[in-house]
Amino acid sequence: MLRLPRRLAVLSTHTSPLARAGTTKAGGMNVYVAELSRQLGAMGWDVDVFTRRDRADAPCVETLAPGVRLFHVAAGPTEPLPPIEVAGHVTEFTEGVAELTSGNDHYDLVHSHYWVSGLSGVELARRWQSPHVAMFHTLGAVKQMFQEPEPGLRIAGERRVVDCSDAVISATAHERAFLIGQYGAEASRVQVVPCGLDLNKFHPNGTEAARRRVAEVLPELGALDGPGILFVGRLEPAKGADLLVRALPMIEQRCDATLWIVGGDERDESERTRLRQLAEAGGVGERVRFASAVGREQLPDLYRAASVCAVPSAYESFGLVAVEAMASGTPSVATRVGGLASTISHGETGMLVSQRRPELFARAIGRLLSDDPLRTRMGSAAVDGMRLFAWPRVAASILDVYEGLLRERNASDRQRESCCPDPVESLLVAAS
């Protein structure tokens, strides 16, 4: 009988799982890495998570949960960097992880997150003779279709990680099809496992109490002033907060509705100023409210307090915000792109908008705000539908992927050979 692996190396190079979601370059991936690691730790695994040190006071190692440690690896300057700049320190990060773990037994498996981590994962898995599982969370080639061009190094790096990984986990069937069709991934190696959801936190119970708590903790939102349209995410064009500001004056059904923009930190003050000016120009300056990104413990109340959650993203590989809102009983209105098209059942658990146009979002949001029975019915259906994403179920599916790879490895007596050592090394050198 297959022995469950006891040691797992998780690579999250460019961002720490402790970073607050909704701030610069921190979002659903951070939540995913932290929660999956905790789930696996609770299942008896020893999980070591490695991230690049981006602040001087970060400890070398800290405990995230029972059985889960987080290592801060020196690689480049001790300050936050955009992912493409972090790529320039991939070799240093890889060697740093190897040095930190040189006195340990080998890891049974490596799980990397995002392409920068994947490049290190390919090399470390070769050294440790362990299977390598990659998860990208977002793909450069997909972003190019919906947003601005991505650096060629990223696309090349993603292709190399796809080629050299033992398995790739995709959050949706849509992303899997893209990996196979556009990246040439071997179909048998791409496994669909959705992102997870803590149903003990995200549930519909206590809506009125949630509004009162939000009004007390985040008075700037005015949670008791009328229906709230909630936006949660980073303050960048691809997420679409400005689209909602433009849509607000077009929602004629409920002129008392307010838009709650929750996200960003002190680095995003210039974008908040731009959004405020946009709201003033549209005559809704007093109806657009702002709050900085909040901790995970405050999000359930925010979702329950809102009447509608809006996700006008240019692209989402999964759409965790929409899923969390729906699990909390709040229907979502979102762009029909990527994972959002899979997680939201149009007309049943929320509304999908075919184009990122303010008038189309205004129409969908206005319909929900003006029809209480419809909104209640959709909220109930959403709660039922989101049970598919419960974390124990998702973690068990991840374990199935791990176990399949270990069975393959145990069935072969041959030493692991790197599938493409020269191209990977050349990419590491180019990144450096």
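Residues numbered from 1 in each chain as written. Predicted model: local features only at pLDDT ≥ 70, side-chain atom pairs only at ≥ 80, totals over all residues. Heavy atoms only, no water.

Asks: What exactly am I supposed to notice about the packing of aromatic side chains here?
Replies: The geometry of an aromatic ring pair is captured by the separation of the ring centres together with the interplanar angle, meaning the angle of the planes. One pass over the structure, following the stated rule, counts nine aromatic pairs. With centroids separated by 6.5 Å and ring planes inclined at 55 degrees, the aromatic side chains of F178 and Y183 adopt a geometry described as tilted. Since its relative accessible area comes to 4%, Y183 is described here as buried. The rings of F50, F71, Y107 and W128 are connected pair by pair, giving a single aromatic cluster. (Phe/Tyr/Trp six-rings, centres within 6.5 Å; stacked < 30°, edge-to-face > 60°. Buried < 20%, exposed > 50% of the residue type's maximum accessible area, 1.4 Å probe, protein only.)

Asks: Looking at this model, I keep getting lost on the sheet that holds strand β6 (residues 132–135). Mind explaining?
Replies: Note: strands within a sheet are paired through backbone hydrogen bonds, in either parallel or antiparallel orientation. With mixed pairing, the eight strands of this open sheet are ordered in space as β3-β4-β2-β1-β5-β6-β7-β8. On the outer flanks of this sheet lie β3 (61–65) and β8 (190–192), each paired with one strand and no other. Each neighbouring strand pair of the sheet contributes to a mean axis angle of 25 degrees, computed without reference to strand direction. Sheet analysis places strand β1 (residues 7–11) next to strand β5 (residues 109–113), joined by four bridges and oriented parallel. When the sheet's bridge partners are listed, L8 is paired in β5 with L109. On top of the sheet, helix α7 (residues 173–183) reaches β7 (167–170) and β8; it is set at about 170 degrees to β8, its chief contact. Strand contacts of helix α16 (residues 391–411): β1, β5, β6, β7 and β8, with the helix running at about 170 degrees to β7, the strand carrying the most contacts. (Pairing = 2+ DSSP bridges. Helix = DSSP H or I, 4+ residues; strand = E, 2+ residues; numbered from the N terminus. Axes fitted to C-alpha atoms, helices over the stretch in contact; angles between N-to-C directions. Contact = heavy atoms within 4.5 Å.)

Asks: Would you mind showing me how to read the nonpolar core here?
Replies: Side chains of nonpolar character tend, in soluble globular proteins, to be buried together. Counting residues in each nonpolar core, the largest one holds 89 residues, and the members touching the most others are L179, W260, V262, L302, Y303 and Y402. Here this core gets eight residues from one element, more than from any other, and that element is α16. When neighbours within four sequence positions are excluded, Y402 is seen to be in contact with L8, L36, L40, W45, L109, H111 and V133. (Core = buried A, V, L, I, M, F, W, Y, C linked by side-chain atoms within 4.5 Å.)

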